[in-house]
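Survey of secondary and tertiary structure
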Amino acid sequence: MPFPRTWVEELIIEWLHLDGFLVEANLPVGVPEHPKGGGGRLEVDVVGARINNNTLEIRHIETGVQVPETEEKIEKKFSDKICEAVTSYFKQRFSFTGGEPDYQKIFIPTYGGSFRILEHSNIIIKPLSEFICQDILPTIQRWKQNPPHQPRCPGKHITLPESHWLLQLIDCLNSRGMLRGCQ
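What you see as residue numbers is a count from 1 along each chain, following the sequence as written. Where local features are concerned, this predicted model is filtered to residues with pLDDT of at least 70; where side-chain atom pairs are given and counted, the filter is 80 or more; whole-chain, interface and lining totals use all residues. Excluding hydrogens and water, the side-chain figures rest on all heavy atoms present in the structure.

Here's the deal with the pattern of salt bridges
Any Lys or Arg side-chain nitrogen found within 4 Å of a carboxyl oxygen on Asp or Glu counts as a salt bridge. Enumeration over the complete set of coordinates arrives at eleven salt bridges. Here Arg59 ties to Glu57 by a salt bridge, and the two come within 3.7 Å at their closest N and O atoms. An identical accessibility class is assigned to Arg59 and Glu57; each is buried. Between Asp102 and Arg59 there is a salt bridge; the shortest N-O distance is 3.4 Å. With Asp102 in strand E4 (residues 102-111) and Arg59 in strand E3 (residues 55-66), the pair connects residues that are 43 residues apart, well separated along the chain. The network of salt bridges with common partners includes Asp19, Arg50, Glu57, Arg59, Asp102 and Arg142. Relative accessible area decides the class of each residue, using a 1.4 Å probe on protein chains only: under 20% of the type maximum gives buried, over 50% gives exposed, and in between gives partly exposed. The secondary structure listing takes helices from DSSP runs of H or I that are at least 4 residues long and strands from runs of E that are at least 2 residues long, numbered from the N terminus.

Here it is as C-alpha cells:
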C-alpha cells in the first residue's frame, strides 16, 4: 500500500481500517486521456472495500483543499471509468463473483464547504468537520464497544491501536470535551 499524500488521507485510511475495510491509497486506475498524448496515470486518493452480507461494499473517498471546486472537477474524480477500475480491482482481490457493489462516492474538502450531494452523480460532499463528527467518532465508539480483544485488566479504558495515531488524537480531544461542535 503506497503512503497517503496528506494527513487527511491518512485519517481516512485509519477510519476505514478501524471500520473493517481493506484499504488502498493512491490506487492506480488508468491513464488520463490527453489530446496530445501526454503521460501520467490516474489514481484514487483512498478506497476501502469489504464483503458484508454477500455484498461488496466500496467506499471511494477523494479529498481536496476546499469547495468550491467545480462540480465538473469533482465528478471527474469519480468517472464511470475510474469506478469500474476500482470495482474490478476489489472484485479480483476478494474473488468476488456476486452482483453490483454498494459503491459510495465521497468528496471531503479539508477547508470550507457544506454538506450536499451532487444529485446526478451520487457524490456526497462532506466537509472534514462533519466527517469527523458524523463518521469518525461513531466508528471509534462502535469499535470501543466491541474491540477485537479485551483489555488485560477488566474495567480499564480501551485504547485504539497505536498505529492509528490520528484517530487517537481525535479520541483524546473528544474525551476531553475539546470537540464541542460534535456534541
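Text resumes after the structure shown.
Description of the packing of aromatic side chains
What describes a pair of aromatic rings is the distance from one ring centre to the other and the angle between the planes of the rings. Note on ring pairs: Phe, Tyr and Trp rings are taken, using the six-membered ring of Trp, and paired if centres are within 6.5 Å. Classes follow the plane angle, with under 30 degrees stacked, over 60 edge-to-face and the rest tilted. In this structure the tally under the stated criterion is three aromatic pairs. Taking 4.9 Å as the distance between ring centres and 80 degrees as the angle between the ring planes, the aromatic pair formed by Trp15 and Phe131 counts as edge-to-face. Taken together, the positions of Trp15 in helix H1 (residues 7-18) and Phe131 in helix H4 (residues 128-145) put the pair 116 residues apart, joining distant regions of the chain. For Trp15, a relative accessible area of 7% corresponds to the buried category. Ring centres of Phe90 and Phe94 lie 6.3 Å apart, and the angle between their planes is 25 degrees; on these two criteria the pair is classed as stacked. With Phe90 and Phe94 both in helix H3 (residues 80-94), this residue pair falls four residues apart, about one helical turn. The exposure class of Phe90 is buried, given its relative accessible area of 0%. Owing to a relative accessible area of 28%, Phe94 belongs among the partly exposed residues under this scheme.

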